[in-house]
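This is what each chain is made of:
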Amino acid sequence: MNGNRFKCPKCGSENIQSYETIYAGGRATQTSTTDGISIGSDFSVGHANTSGSSITHLAQTCAPPVREIYRGYFACIFYGILASILGAIFFAIHPIASVIGVFVPLYKCAKRVKRVNAERYLEFAQSYKQWQHSYYCHRCGNRFIIKEEES
Ligand SMILES: [Zn+2]
């Protein structure tokens, strides 16, 4: 109904395309402005890896954000080994303290990794949503975001 939202805010051209469509198509061939506008609040997206050569430069610049995973568990393992050795040494002196000394830091470490990943996921979800609303103008090359219509 309100088609006016889907035009370039800079030059007014309606020859725009969503990042999603550009990325999926690899190359822009169609000029329809209503295609590819899929607005969903669903973040469960698994996007495939696209290897370099087959994708156009434009499509590459419209690639969705990549979710980064913090692999702090390696630090936990290292810490765990170190703590176990020290724990074993001190076990003879104070068994309870040495056991706590091993498990508490490990627990905290794992908790931290979990928290960092949760934060990163939120960031990713946010930038992914922004990506879904990002558009490219084929006339002037402007990149912009069209906000979700509030109803
Ligand atoms: Zn434009």
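Reading the values: the criteria
- Residues numbered from 1 in each chain as written.
- Predicted model: local features only at pLDDT ≥ 70, side-chain atom pairs only at ≥ 80, totals over all residues.
- Heavy atoms only, no water.
- Helix = DSSP H or I, 4+ residues; strand = E, 2+ residues; numbered from the N terminus.
- Expected span 1.5 Å × (residues − 1).
- Buried < 20%, exposed > 50% of the residue type's maximum accessible area, 1.4 Å probe, protein only.
- Arc of directions from axis to C-beta.
- Contact = heavy atoms within 4.5 Å.
- Pairing = 2+ DSSP bridges.
- Axes fitted to C-alpha atoms, helices over the stretch in contact; angles between N-to-C directions.
- Donors = N, O, S within 2.8 Å, 3.2 Å for Na, K, Ca; no water.
- Tetrahedral: all angles 85-135°; square planar, octahedral: opposite > 155°, others 65-115°.

Draft legend 1. A look at helix H3 (residues 73-91). With 19 residues, H3 extends 25 Å between its outermost C-alpha atoms, agreeing within 8% with the 27 Å of an ideal straight helix rising 1.5 Å per residue. Regarding H3, the residues found buried are Cys 76, Gly 80, Ala 83 and Gly 87. In a view along the axis of H3, the buried residues occupy a sector of 80°, so they form one face of it. Pointing more than 90 degrees away from the buried face of H3 are the exposed residues Phe 74, Phe 78, Ala 88 and Ile 89. In this structure, the buried side of H3 is in contact with helix H4 (95-132).

Draft legend 2. Up close: the sheet that holds strand E2 (residues 134-137). Spatially, three strands are ordered E1-E2-E3 in an open sheet, and the strand pairing comes out antiparallel. Edge positions in the open sheet fall to strand E1 (16-18) and strand E3 (143-145), since each of these has one partner strand only. Neighbour-to-neighbour, the strand axes of this sheet turn through a mean angle of 30°, independent of strand direction.

Draft legend 3. Broad picture of the coordination of the zinc ion. Looking at the zinc ion, the protein donor atoms are Cys 8 (SG), Cys 11 (SG), Cys 137 (SG) and Cys 140 (SG), and they sit 2.3 to 2.4 Å from it. Coordination at the zinc ion is tetrahedral, judged from the four donor atoms that bind it and the angles of 107 to 115° they form at the metal. All donors of the zinc ion belong to a single chain; written as a sequence motif, their spacing is C-x2-C-x125-C-x2-C. Of the two residues, Cys 11 is situated in the segment before E1 and Cys 140 in the loop between E2 and E3; the sequence distance between them amounts to 129 residues. Classification of Cys 11 by relative accessible area gives partly exposed; the value is 28%.

Draft legend 4. Looking closely at the side chain of Asn 142. The topology assignment puts Asn 142 in the loop between E2 and E3. Asn 142 sits in the buried class, given a relative accessible area of 15%.

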